[in-house]
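In case you want the letters, here they are:
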Amino acid sequence: MNVSVLLYEAIKFIIPLLPILIPLSAVVFLFVPSRKLLALFLFFLGFQALFIDVGVMVNIPRVLLFFSLLTLVLYFPKDLATAMDEYPGRIMIIILIIFFSVSALLNIPSFPVKSIVTAYGPIGDSLFRDRATKQMSQIMMFALKASIPLVILAICRSRKQIVSMVKISLIGTSMLCIYGIYQYFAYLYNLPSIFIFRGASNPTGGIGIFSTSLGNFFRISSLAGEPKDLAGILLPFSVLLGVITWRVIREKKYRLGFKSLLLGIFLLHVFIFTMTFSTAGWLSAVVAVIGILGFSVNWKPKFKPIILVFGAFLGLFAVYILVPSVNEVVKQRFISRLNLEYITNDVNYGGPQLLHMYKTHPETIIYGASLGGAVFYEQYNEQPESFVYYLFDYGLLGILFLCYFFYLIVKKVLYLSKQNNLENDILFNGLLYAMIGSMASTLVFPKIDAMLGLWVLIGLTSALVVYSRGDGKGLVRK
């Protein structure tokens, strides 16, 4: 039973009331402390299935993040200014926003006039979706996303507060996992549940399944909207949990109950991540592990974790070889979809459209079509993903800016970690490796909202090295 049908009808009833509800909600949120708004944002980070489409998707995390930032601007501008000084790579993020704005101004005059229909409806049928405002709205959404580390740095000014926000984030992702399990049984036994909740052209979505010669397989999406969105949310926090669990299990001072709890939560995240059957998610996990291993060899080489990872990969490969059902699923959801011919010819990946845009507008090779601009040059239903997305919207110059931004973050974080003696700290290592893995995986999984976890990790890791000192013991220092 797809409860999304009832929810969509409720949303349709609410939309005409927005001129009244928005000012009222603004008044309420402006009286909520910034710290509580940030905590709510981190808890609801992955709850993206429910949204109101007004040209941009207005969902729970975006609303909470916006008001967290707004309350800081209004009530704590000095804290915000201090946080801006501590923001790693702040100059590059400003350059990126300016770059997107300039790219938009260069591209808008070249946009052809034609009828464009996306998965969410026709271009030009609402605010923030015509040729003059779509790119502006996308740049604003990027700036809002990039403000997450700023908000965290302004609010989390002690280790205790950082640990609290980490816990809240993990509680939120754990709730997504628990609901994902219920969703699976709801599919099996026709229980009420929220399944895939797509855009305006198909708002109630459908049950997320795919068929094989062995039968149908259900794809868990929980409350994240799409299975790949759930995969993008869970991946960074699965890495965080994995590193912390590995370190805690090896320490004798932690109780068996605490170790078992951490291990259980980690395995729950990995299981639900796997059950999304997301090609982009699985590929991003592989890239994340490769990125982490490459980074750890250069920064702090330890052979036991490397051997463990290789052992895990060998075990998974053995399962793939020996278990027919696993072999069938992996072939259909992963191997066949990563075929070069499939990627370059299938319009859902955007490869043919990208080549056509380069042929007709070669200047976009350098500076892209700006955020959201490629839809005006080429026709496709879904936003292209993986590296194709960056080539479309960022261009080669924008990709260089983004990579340099990531480099500056890692450089500053490592420098400050040495200054504060955090190199062997369990929480720091968990956040650092999760951030590195997310940076690597975002190159193959650049979902604007699903990869919000990357920006959260940038904020939490930066806050930890800026405001925490290495003068204590244990995972949580009082």
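Keep in mind that this is a model prediction, so the values were computed, not measured.

Looking now at the overall build of the protein chain. Across its full length, the protein chain carries 22 helices and six strands. Residues counted as buried form 52% of the 478 residues belonging to the protein chain. Contacts in the protein chain between residues at least 24 apart in sequence constitute 75% of all its contacts with a sequence separation of at least 6.

Attention now moves to helix α11 (residues 256-274). A rise of 1.5 Å per residue sets the reference length of α11, with its 19 residues, at 27 Å; its end C-alpha atoms lie 27 Å apart and thus fit the reference within 8%. Among all positions in α11, only K259, L262, H269, I272 and F273 are buried. Lining the buried residues of α11 we find α9 (159-189), α10 (227-250) and α12 (279-299).

What follows concerns the environment of G232. Here G232 shows up in helix α10. Given a relative accessible area of 1%, G232 falls into the buried group. The sequence separation of G232 and L454 amounts to 222 residues, and the corresponding C-alpha distance is 9.5 Å.

Before going further, it helps to spend a moment on the pairing of strand β5 (residues 209-212). The alternating pattern of β5 places F210 and T212 on a buried face and I209 and S211 on a face that is not buried. As defined by bridge partners, β5 adjoins strand β6 (residues 215-218) across four bridges and the pair is classed as antiparallel. Among the inter-strand pairings, T212 is bridged to a residue of β6, identified as G215. Counting the residues in the hairpin turn of β5 and β6 gives two residues.

Contact pair helix α8 (residues 148-155) / helix α22 (residues 452-467): the axes reach a minimum separation of 8 Å and the direction vectors enclose 35°. As α8 packs across α22, the resulting crossing turns out to be right-handed. On α22, the residues that touch I148, P149, I152 and L153 of α8 are L452, W455, V456, I458, G459, L460, S462, A463, V466 and Y467. Broken down by class, the residue content of the contact of α8 with α22 amounts to 12 nonpolar, two polar and no charged.

Positive phi values are uncommon outside glycine, yet S222 reaches one of about 50°. Summarising the element assignment, S222 is placed in the loop between β6 and α10. Its identity is not glycine, yet N421 carries a phi of approximately 55°, on the positive side. Its place among the elements puts N421 in the loop between α20 (395-419) and α21 (426-441). What makes N421 exposed here is its relative accessible area of 56%.

Looking now at the pattern of salt bridges. Inspection of every chain in the model, using the stated rule, returns one salt bridge. Its salt-bridge partner being D425, residue R159 comes within 3.1 Å of it at the nearest N-O pair. Residue R159 is located in helix α9, and its partner D425 is located in the loop between α20 and α21; the two are separated by 266 residues in the primary sequence. Comparing R159 with D425, the two get one shared label, buried.

What follows covers a nonpolar patch on the surface. On the surface, a nonpolar cluster with roughly 650 Å² of combined accessible area is contributed by I181, Y182, F185, L188, Y189, L191 and F271. Here the nonpolar patch takes five residues from α9, the largest share from any one element. Topologically, I181 is positioned in helix α9.

Turning to the packing of aromatic side chains, a few remarks are in order. Evaluation of the coordinates by the stated rule reveals 28 aromatic pairs. Taking 5.3 Å as the distance between ring centres and 80° as the angle between the ring planes, the aromatic pair formed by F66 and F67 counts as edge-to-face. Considering the side-chain rings of F217 and F277, the 6.0 Å spacing of their centres and the 65° angle between planes classify their relative orientation as edge-to-face. Within this pair, whereas F217 is found in strand β6, its partner F277 is found in the loop between α11 and α12, the two being separated by 60 residues in sequence. Its relative accessible area of 7% is what places F277 among the buried residues. Chaining the aromatic ring pairs together yields one cluster made of F99, F100, F142, Y389, Y390, Y394, F401, F405, F406 and W455.

On to the environment of A440, then. Within the secondary structure, A440 is located in helix α21. Ignoring any residue separated from it by four or fewer positions in sequence, one finds A440 in contact with V287, A288 and G291.

What follows concerns the confidence of the model for the protein chain. Interpreting fine coordinate detail is not advised for predicted regions of low pLDDT. Here the protein chain averages 84 in pLDDT, and 84% of its residues register 70 or above. Contacts for the low-pLDDT stretch residues 470-474, under 50 throughout, to residues beyond four places or in other chains number 11 contacts.

The terminal C-alpha atoms of α10, which comprises 24 residues, lie 33 Å apart, in line with the 34 Å expected from a rise of 1.5 Å per residue. Roughly 30° is the biggest bend found in α10, and it falls at L234, with proline P236 one to four residues downstream.

This brings us to the environment of Y407. With respect to the element layout, Y407 can be found in helix α20. Along the chain, Y407 and G89 lie 318 residues apart, while their C-alpha atoms are 8.4 Å from each other.

With respect to the helices and strands, the residue N429 is situated in helix α21. Exposure remark for N429: the relative accessible area of 3% places this residue in the buried category. Within polar-contact distance, the side chain of N429 engages the backbone oxygen of E423 at 2.9 Å. If we ignore the near neighbours within four places in the chain, the residues touching N429 are V243, R247, W299, K300, L422, E423 and N424.

About the thresholds
Residues numbered from 1 in each chain as written. Predicted model: local features only at pLDDT ≥ 70, side-chain atom pairs only at ≥ 80, totals over all residues. Heavy atoms only, no water. Helix = DSSP H or I, 4+ residues; strand = E, 2+ residues; numbered from the N terminus. Buried < 20%, exposed > 50% of the residue type's maximum accessible area, 1.4 Å probe, protein only. Contact = heavy atoms within 4.5 Å. Expected span 1.5 Å × (residues − 1). Pairing = 2+ DSSP bridges. Axes fitted to C-alpha atoms, helices over the stretch in contact; angles between N-to-C directions. Left-handed = near helix turned anticlockwise from the far one by under 90°. Nonpolar A, V, L, I, M, F, W, Y, C, P; charged D, E, K, R; others polar. Salt bridge = Lys/Arg side-chain N within 4 Å of Asp/Glu carboxyl O. Patch = residues over 30% accessible without salt bridge, like charges linked within 9 Å, V, L, I, M, F, W, Y side chains within 5 Å. Areas by Shrake-Rupley, 256 points an atom, 1.4 Å probe, with all protein chains shown as cover. Phe/Tyr/Trp six-rings, centres within 6.5 Å; stacked < 30°, edge-to-face > 60°. pLDDT = per-residue confidence, 0-100. Bend = angle between axes of the 7 residues up to and from the residue. Polar contact = N/O pair within 3.5 Å; in protein donor to acceptor, adjacent residues only side chain to side chain.

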